[in-house]
Amino acid sequence: MDMHALSKRGFEFDECELKVKYSIYHTDIPLDLSYEMMKVLEYLLWYVPNINSIQSHRNELVSSLNFENFVFGLIKNHMDLQNKDVVFLEYIDPEIVNFYSSEICVNSQKLILTKQEEESKTDSLLRHIRNAIAHGNFNVVEGLLIGFDYNDRSNDIDKCTAIFKIFPQNLLNALKSLDSEITSEMLAQVALQRTGYHVERYKNNGNYPKFDLFVKKGDKKYALEIKKYEDYKVLPHAEAEKLIKDFTGISKDIKPVLFINTSLLRDETKERLKNEKVIILDVKNINKMLNNRDILKEIDDLS
(Lines give C-alpha, C1' and ligand atoms only; values in the text may rest on other atoms or scores of the structure.)
Protein backbone atom coordinates (compact mmCIF):
# COMPACT_ATOMS: atom_id res chain seq x y z
CA MET A 1 0.00 0.00 0.00
CA ASP A 2 1.49 3.34 -1.08
CA MET A 3 1.20 6.72 0.63
CA HIS A 4 -1.85 7.82 -1.35
CA ALA A 5 -3.80 4.66 -0.56
CA LEU A 6 -2.77 4.86 3.10
CA SER A 7 -3.97 8.47 3.34
CA LYS A 8 -7.35 7.42 1.92
CA ARG A 9 -7.62 4.96 4.82
CA GLY A 10 -7.42 7.85 7.29
CA PHE A 11 -3.74 7.75 8.20
CA GLU A 12 -2.24 11.25 8.27
CA PHE A 13 1.36 11.74 7.22
CA ASP A 14 3.48 14.35 8.98
CA GLU A 15 2.98 17.97 8.06
CA CYS A 16 5.07 20.71 9.64
CA GLU A 17 6.79 23.91 8.55
CA LEU A 18 10.26 22.61 9.19
CA LYS A 19 11.26 18.95 9.22
CA VAL A 20 14.39 17.94 11.11
CA LYS A 21 17.04 16.08 9.14
CA TYR A 22 18.56 13.09 10.91
CA SER A 23 20.44 9.85 10.39
CA ILE A 24 19.59 6.48 11.87
CA TYR A 25 23.30 6.07 12.59
CA HIS A 26 24.46 7.28 16.01
CA THR A 27 27.09 10.02 15.97
CA ASP A 28 27.54 9.79 19.74
CA ILE A 29 28.62 6.33 20.88
CA PRO A 30 27.15 5.25 23.19
CA LEU A 31 24.00 7.24 22.58
CA ASP A 32 23.19 9.78 25.29
CA LEU A 33 19.75 8.64 26.44
CA SER A 34 17.28 10.41 28.72
CA TYR A 35 16.05 8.93 32.00
CA GLU A 36 12.70 8.07 30.38
CA MET A 37 14.40 6.34 27.46
CA MET A 38 16.58 4.27 29.79
CA LYS A 39 13.48 3.17 31.70
CA VAL A 40 11.81 2.23 28.40
CA LEU A 41 14.79 0.03 27.55
CA GLU A 42 14.64 -1.67 30.96
CA TYR A 43 10.94 -2.45 30.56
CA LEU A 44 11.38 -3.74 27.01
CA LEU A 45 14.35 -5.92 27.92
CA TRP A 46 13.14 -7.42 31.19
CA TYR A 47 9.68 -6.52 32.42
CA VAL A 48 7.02 -6.44 29.71
CA PRO A 49 4.65 -9.43 29.93
CA ASN A 50 5.14 -12.70 28.05
CA ILE A 51 8.76 -12.21 26.95
CA ASN A 52 11.65 -14.60 27.55
CA SER A 53 12.85 -12.99 30.78
CA ILE A 54 12.82 -14.37 34.30
CA GLN A 55 11.60 -10.92 35.41
CA SER A 56 8.57 -11.07 33.11
CA HIS A 57 5.23 -12.56 34.04
CA ARG A 58 2.35 -13.94 32.00
CA ASN A 59 -0.51 -11.63 31.08
CA GLU A 60 -2.86 -13.42 28.71
CA LEU A 61 -4.83 -10.25 28.00
CA VAL A 62 -1.83 -8.53 26.38
CA SER A 63 -1.61 -11.35 23.83
CA SER A 64 -5.34 -12.08 23.57
CA LEU A 65 -6.82 -11.70 20.09
CA ASN A 66 -10.29 -11.61 21.64
CA PHE A 67 -9.50 -8.40 23.50
CA GLU A 68 -6.74 -6.91 21.33
CA ASN A 69 -8.73 -3.78 20.43
CA PHE A 70 -9.55 -3.13 24.09
CA VAL A 71 -5.92 -3.59 25.21
CA PHE A 72 -4.41 -1.67 22.29
CA GLY A 73 -6.95 1.09 22.88
CA LEU A 74 -5.56 1.55 26.40
CA ILE A 75 -2.03 1.56 25.01
CA LYS A 76 -2.96 4.21 22.43
CA ASN A 77 -4.52 6.39 25.13
CA HIS A 78 -1.38 6.24 27.27
CA MET A 79 0.77 7.04 24.24
CA ASP A 80 -1.51 9.94 23.28
CA LEU A 81 -2.09 8.43 19.84
CA GLN A 82 -5.19 8.90 17.69
CA ASN A 83 -6.51 6.64 14.95
CA LYS A 84 -4.95 8.92 12.32
CA ASP A 85 -1.52 8.17 13.84
CA VAL A 86 -1.67 4.36 13.73
CA VAL A 87 -2.01 1.81 10.97
CA PHE A 88 -1.45 -1.94 10.61
CA LEU A 89 -0.47 -3.10 7.12
CA GLU A 90 0.33 -6.37 5.40
CA TYR A 91 3.26 -4.70 3.64
CA ILE A 92 5.04 -1.33 4.04
CA ASP A 93 5.75 0.29 0.69
CA PRO A 94 9.35 1.57 0.19
CA GLU A 95 7.85 4.99 -0.58
CA ILE A 96 6.65 5.15 3.03
CA VAL A 97 10.03 4.02 4.38
CA ASN A 98 11.79 6.72 2.36
CA PHE A 99 9.36 9.36 3.62
CA TYR A 100 10.62 8.82 7.20
CA SER A 101 14.21 7.76 6.52
CA SER A 102 16.07 11.09 6.57
CA GLU A 103 13.82 13.85 7.92
CA ILE A 104 10.85 13.98 10.28
CA CYS A 105 8.47 16.27 12.09
CA VAL A 106 9.46 16.05 15.75
CA ASN A 107 6.16 17.26 17.20
CA SER A 108 4.01 14.27 16.21
CA GLN A 109 3.93 10.51 16.72
CA LYS A 110 3.24 7.72 14.22
CA LEU A 111 3.01 3.93 14.20
CA ILE A 112 3.13 2.00 10.92
CA LEU A 113 3.26 -1.70 11.74
CA THR A 114 2.84 -5.13 10.24
CA LYS A 115 1.36 -7.90 12.35
CA GLN A 116 2.04 -11.61 12.30
CA GLU A 117 -0.80 -14.12 12.10
CA GLU A 118 -2.19 -14.91 15.56
CA GLU A 119 -0.31 -11.94 17.07
CA SER A 120 -2.11 -9.21 18.99
CA LYS A 121 -1.65 -5.55 18.12
CA THR A 122 0.08 -4.87 21.44
CA ASP A 123 2.48 -7.80 21.03
CA SER A 124 3.25 -6.57 17.52
CA LEU A 125 4.08 -3.08 18.78
CA LEU A 126 6.35 -4.35 21.56
CA ARG A 127 8.10 -6.85 19.29
CA HIS A 128 8.89 -4.27 16.63
CA ILE A 129 10.25 -1.71 19.11
CA ARG A 130 12.39 -4.33 20.86
CA ASN A 131 13.76 -5.60 17.53
CA ALA A 132 14.58 -2.13 16.22
CA ILE A 133 16.41 -1.17 19.41
CA ALA A 134 18.22 -4.53 19.68
CA HIS A 135 19.47 -4.22 16.08
CA GLY A 136 20.38 -0.54 16.41
CA ASN A 137 17.83 0.65 13.85
CA PHE A 138 16.74 3.66 15.90
CA ASN A 139 17.78 7.10 17.00
CA VAL A 140 16.52 9.83 19.29
CA VAL A 141 15.88 13.11 17.49
CA GLU A 142 15.11 16.13 19.66
CA GLY A 143 13.59 13.84 22.28
CA LEU A 144 11.61 11.75 19.78
CA LEU A 145 12.31 8.03 19.33
CA ILE A 146 12.38 7.04 15.66
CA GLY A 147 12.95 3.43 14.63
CA PHE A 148 12.58 0.84 11.88
CA ASP A 149 12.23 -2.93 12.05
CA TYR A 150 13.24 -5.24 9.19
CA ASN A 151 12.65 -8.94 8.69
CA ASP A 152 16.36 -9.52 8.18
CA ARG A 153 19.67 -7.76 8.89
CA SER A 154 20.03 -6.30 5.39
CA ASN A 155 17.95 -3.18 6.15
CA ASP A 156 16.48 -3.54 2.67
CA ILE A 157 13.62 -1.02 2.42
CA ASP A 158 11.53 -3.68 0.68
CA LYS A 159 11.72 -5.72 3.88
CA CYS A 160 10.72 -3.06 6.40
CA THR A 161 8.09 -4.42 8.80
CA ALA A 162 7.60 -1.42 11.09
CA ILE A 163 8.18 2.31 11.44
CA PHE A 164 7.61 4.05 14.76
CA LYS A 165 8.02 7.66 15.84
CA ILE A 166 7.05 8.14 19.48
CA PHE A 167 7.79 10.13 22.62
CA PRO A 168 9.65 7.96 25.18
CA GLN A 169 7.63 9.27 28.15
CA ASN A 170 4.38 8.26 26.46
CA LEU A 171 5.77 4.81 25.69
CA LEU A 172 6.95 4.48 29.29
CA ASN A 173 3.43 5.31 30.52
CA ALA A 174 2.03 2.61 28.24
CA LEU A 175 4.57 0.00 29.36
CA LYS A 176 3.79 0.67 33.02
CA SER A 177 0.07 0.21 32.31
CA LEU A 178 0.63 -3.36 31.12
CA ASP A 179 0.92 -4.44 34.75
CA SER A 180 -1.32 -1.96 36.49
CA GLU A 181 -4.34 -1.63 34.20
CA ILE A 182 -4.53 -4.50 31.73
CA THR A 183 -6.12 -7.00 34.07
CA SER A 184 -9.22 -9.17 34.04
CA GLU A 185 -10.67 -6.96 36.76
CA MET A 186 -10.27 -3.83 34.64
CA LEU A 187 -11.66 -5.63 31.58
CA ALA A 188 -14.80 -6.71 33.43
CA GLN A 189 -15.24 -3.28 35.00
CA VAL A 190 -15.02 -1.45 31.67
CA ALA A 191 -17.39 -3.94 30.00
CA LEU A 192 -19.99 -3.46 32.72
CA GLN A 193 -19.66 0.31 32.78
CA ARG A 194 -20.11 0.50 29.02
CA THR A 195 -23.50 -1.17 29.42
CA GLY A 196 -24.65 1.18 32.17
CA TYR A 197 -23.72 -0.64 35.37
CA HIS A 198 -22.37 0.99 38.50
CA VAL A 199 -19.28 -0.95 39.56
CA GLU A 200 -17.47 -0.89 42.89
CA ARG A 201 -14.57 -2.86 44.29
CA TYR A 202 -15.53 -5.21 47.10
CA LYS A 203 -15.75 -3.59 50.53
CA ASN A 204 -16.15 -5.85 53.51
CA ASN A 205 -19.23 -4.52 55.28
CA GLY A 206 -20.38 -7.86 56.65
CA ASN A 207 -23.55 -8.03 54.53
CA TYR A 208 -22.19 -10.19 51.72
CA PRO A 209 -19.49 -12.83 51.27
CA LYS A 210 -16.22 -11.70 49.69
CA PHE A 211 -16.20 -11.20 45.92
CA ASP A 212 -14.30 -9.04 43.40
CA LEU A 213 -16.86 -6.50 42.21
CA PHE A 214 -20.21 -5.18 43.40
CA VAL A 215 -22.38 -4.41 40.35
CA LYS A 216 -25.66 -2.49 40.28
CA LYS A 217 -28.12 -1.27 37.65
CA GLY A 218 -31.55 -0.05 38.67
CA ASP A 219 -32.88 -2.48 41.27
CA LYS A 220 -30.58 -5.29 40.11
CA LYS A 221 -27.56 -6.16 42.26
CA TYR A 222 -24.80 -8.60 41.40
CA ALA A 223 -21.73 -10.04 43.08
CA LEU A 224 -19.10 -10.66 40.41
CA GLU A 225 -16.18 -13.01 40.96
CA ILE A 226 -13.32 -13.34 38.47
CA LYS A 227 -11.58 -16.71 38.36
CA LYS A 228 -8.33 -17.42 36.51
CA TYR A 229 -6.86 -20.92 36.52
CA GLU A 230 -3.69 -20.63 34.46
CA ASP A 231 -2.39 -24.07 35.47
CA TYR A 232 -5.41 -26.07 34.28
CA LYS A 233 -6.89 -26.97 30.92
CA VAL A 234 -9.92 -28.45 32.68
CA LEU A 235 -10.82 -27.61 36.25
CA PRO A 236 -10.15 -30.62 38.53
CA HIS A 237 -13.00 -32.01 40.61
CA ALA A 238 -11.64 -30.62 43.89
CA GLU A 239 -11.27 -27.10 42.45
CA ALA A 240 -14.73 -27.32 40.90
CA GLU A 241 -16.23 -28.29 44.27
CA LYS A 242 -14.49 -25.36 45.94
CA LEU A 243 -15.78 -23.02 43.25
CA ILE A 244 -19.37 -24.23 43.72
CA LYS A 245 -19.05 -23.90 47.49
CA ASP A 246 -17.88 -20.29 47.12
CA PHE A 247 -21.12 -19.45 45.31
CA THR A 248 -23.48 -21.38 47.56
CA GLY A 249 -25.79 -19.41 49.83
CA ILE A 250 -25.10 -15.85 48.64
CA SER A 251 -27.71 -13.39 49.94
CA LYS A 252 -31.08 -13.54 48.15
CA ASP A 253 -31.02 -9.84 47.25
CA ILE A 254 -27.82 -10.11 45.22
CA LYS A 255 -27.15 -12.41 42.25
CA PRO A 256 -23.80 -14.17 41.86
CA VAL A 257 -21.91 -13.73 38.58
CA LEU A 258 -18.83 -15.74 37.58
CA PHE A 259 -16.41 -14.45 34.92
CA ILE A 260 -14.36 -17.44 33.76
CA ASN A 261 -12.99 -19.17 30.68
CA THR A 262 -15.85 -21.64 30.28
CA SER A 263 -13.62 -24.17 28.49
CA LEU A 264 -12.23 -24.92 31.97
CA LEU A 265 -15.62 -26.13 33.20
CA ARG A 266 -17.09 -29.58 32.70
CA ASP A 267 -20.77 -29.67 31.77
CA GLU A 268 -21.53 -31.09 35.21
CA THR A 269 -19.86 -28.12 36.91
CA LYS A 270 -21.76 -25.65 34.70
CA GLU A 271 -25.08 -27.30 35.57
CA ARG A 272 -24.38 -27.27 39.30
CA LEU A 273 -23.42 -23.58 39.14
CA LYS A 274 -26.62 -22.80 37.24
CA ASN A 275 -28.58 -24.70 39.89
CA GLU A 276 -27.05 -22.32 42.43
CA LYS A 277 -28.42 -19.46 40.28
CA VAL A 278 -24.92 -18.41 39.21
CA ILE A 279 -24.73 -16.34 36.01
CA ILE A 280 -21.66 -17.40 34.01
CA LEU A 281 -19.91 -14.84 31.78
CA ASP A 282 -17.16 -15.97 29.42
CA VAL A 283 -14.85 -14.23 26.97
CA LYS A 284 -17.53 -13.90 24.27
CA ASN A 285 -19.98 -12.35 26.73
CA ILE A 286 -17.48 -9.75 27.94
CA ASN A 287 -16.63 -8.88 24.34
CA LYS A 288 -20.30 -8.26 23.60
CA MET A 289 -20.51 -5.96 26.62
CA LEU A 290 -17.42 -4.07 25.46
CA ASN A 291 -19.45 -3.45 22.29
CA ASN A 292 -22.30 -2.02 24.40
CA ARG A 293 -24.60 -5.05 24.42
CA ASP A 294 -26.03 -5.78 27.89
CA ILE A 295 -25.51 -9.53 27.80
CA LEU A 296 -25.70 -9.73 31.61
CA LYS A 297 -29.31 -8.54 31.53
CA GLU A 298 -30.10 -10.91 28.66
CA ILE A 299 -28.77 -13.92 30.56
CA ASP A 300 -30.42 -12.80 33.80
CA ASP A 301 -33.81 -12.40 32.07
CA LEU A 302 -33.58 -15.99 30.79
CA SER A 303 -32.59 -17.48 34.15
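Thresholds applied
- Position labels on residues start from 1 in each chain and follow its written sequence.
- Local features in a predicted model are, by the rule used here, given only for residues with pLDDT of at least 70; side-chain atom pairs are given and counted only at 80 or more, and totals for whole chains, interfaces and linings are based on all residues.
- In computing side-chain properties, one takes all heavy atoms of the structure into account and sets aside hydrogens as well as water.
- In this analysis an axis means a line fitted to C-alpha atoms, helices contributing only their contacting stretch, and an angle means the value between N-to-C directions, from 0 to 180 degrees.
- Segments assigned H or I by DSSP are reported as helices when at least four residues long, segments assigned E as strands when at least two residues long, and all are numbered from the N terminus.
- Comment on the angle field: the value is read as roughly parallel under 35 degrees, roughly antiparallel over 145, roughly perpendicular from 65 to 115, and oblique elsewhere.
- In this description, contact between two residues means that some pair of their heavy atoms is separated by no more than 4.5 Å.
- Residue classes follow a fixed rule: Ala, Val, Leu, Ile, Met, Phe, Trp, Tyr, Cys and Pro count as nonpolar, while Asp, Glu, Lys and Arg count as charged, and any other residue, Gly among them, counts as polar.
- Take the far helix as your reference; a near helix turned counterclockwise from it by less than a right angle gives a left-handed crossing, and one turned clockwise gives a right-handed crossing.
- We define a nonpolar core as any set of buried Ala, Val, Leu, Ile, Met, Phe, Trp, Tyr and Cys residues linked to one another through side-chain atoms lying within 4.5 Å.
- We call a residue buried when its accessible area falls under 20% of the maximum for its residue type, exposed when it is over 50%, and partly exposed in between, using a 1.4 Å probe and counting protein chains only.
- Strands pair, by our definition, only if DSSP identifies at least two bridges between them.
- When two cysteine sulfur atoms lie within 2.5 Å, the pair is treated as a disulfide.
- Counted as salt bridges are all cases of a side-chain nitrogen of Lys or Arg within 4 Å of a carboxyl oxygen of Asp or Glu.

Draft legend 1. Structural detail: the packing of helix α9 (residues 237-246) against helix α10 (residues 267-275). Relative to each other, α9 and α10 sit at 10°, their axes nearing to 10 Å. Between α9 and α10, the crossing angle belongs to the class labelled roughly parallel. Mapping the contact onto sequence places A240, E241, L243 and I244 in α9 and T269, R272 and L273 in α10. Residues belonging to the contact of α9 with α10 are distributed by class as follows: four nonpolar, one polar and two charged.

Draft legend 2. Just the packing of helix α8 (residues 184-194) against helix α11 (residues 283-290), in detail. The geometry of α8 relative to α11 is characterised by a closest axis approach of 7 Å and an angle of 50° between their N-to-C directions. When the axis of α8 is compared with that of α11, the two are oblique. Relative to α11, α8 is oriented so that their crossing is left-handed. The residues of α11 that touch α8, namely those facing L187, V190, A191, L192 and R194, are I286, M289 and L290. Here the contact of α8 with α11 is composed, by residue class, of seven nonpolar, no polar and one charged.

Draft legend 3. Layout of the nonpolar core. L111, L175 and L224 are the most contacted members of the largest nonpolar core, which totals 58 residues. Contact partners of L111, with chain neighbours within four places excluded, come to F11, F72, L81, D85, V86, V87, L125, I163, F164 and I166. Core analysis: the next-biggest nonpolar cluster, separate from the first, contains 22 residues, V97, I104, L144 and Y150 among them.

Draft legend 4. Examining unusual backbone geometry more closely. Looking along the chain, the bond that leaves I29 and enters P30 is cis, with omega of -5°. Tracing the sequence through the fold places P30 in the loop between β1 (20-21) and α2 (35-47). In the Ramachandran plot, N50 falls in the positive-phi region, its phi being about 75° despite a non-glycine side chain. Mapped onto the elements, N50 comes out in the loop between α2 and α3 (60-63). Not every positive phi belongs to a glycine, and E142 is a case in point at roughly 50°. As for its placement among the helices and strands, E142 is situated in the loop between β5 (138-141) and β6 (144-150). On the basis of relative accessible area, E142 is assigned to the exposed category, the value being 60%.

Draft legend 5. Representation of the pairing of β6 in the model. Taken across its seven residues, β6 has seven buried, putting it largely inside the fold. Along β6, one buried face is formed by L144, I146, F148 and Y150 and the opposite face, lined by L145, G147 and D149, is buried too. Remark: two residues form the turn of the hairpin made by β5 and β6, two consecutive strands paired antiparallel; E142 in that turn has positive phi of roughly 50°. The pairing of β6 with strand β7 (residues 160-166) spans six bridges and is antiparallel. Considered in β7, the bridge of I146 is made with K165.

Draft legend 6. Fine view of the state of the cysteines. Taken as a whole and assessed by the stated rule, the structure comprises one disulfide. Residue pairing for C16: its cysteine sulfur links by disulfide to C105, the two sulfurs lying 2.1 Å apart. Taking the sign of the S-S torsion, -90° for the link of C16 and C105, the bridge is left-handed. Placement of the pair is C16 in the loop between α1 (3-8) and β1 and C105 in the loop between β3 (103-104) and β4 (110-114), with a sequence separation of 89 residues. Given a relative accessible area of 28%, C16 falls into the partly exposed group. Accessibility expressed as a relative area gives 0% for C105, which makes it buried. In this model C160 remains outside any disulfide bridge; the closest cysteine sulfur is found in C105, 18 Å from its own. Judged by its relative accessible area of 3%, C160 is buried.

Draft legend 7. Geometry of the pattern of salt bridges. Counted under the stated rule, the structure contains 18 salt bridges. A salt bridge links E225 to K227; its shortest N-O distance comes to 3.6 Å. Judged by relative accessible area, which is 15%, E225 ranks as buried. For K227, a relative accessible area of 18% gives the class buried. One network of salt bridges, with partners in common, ties together E225, K227, K242 and D246.

Draft legend 8. Just the sheet that holds β4, in detail. The strand order across the open sheet formed by five strands is β2-β4-β7-β6-β5, and the pairing between neighbours is mixed. Every interior strand has two partners, whereas the edge strands, β2 (86-89) and β5, have only one. Sheet twist, expressed as the mean angle between neighbouring strand axes with direction ignored, is 15°.

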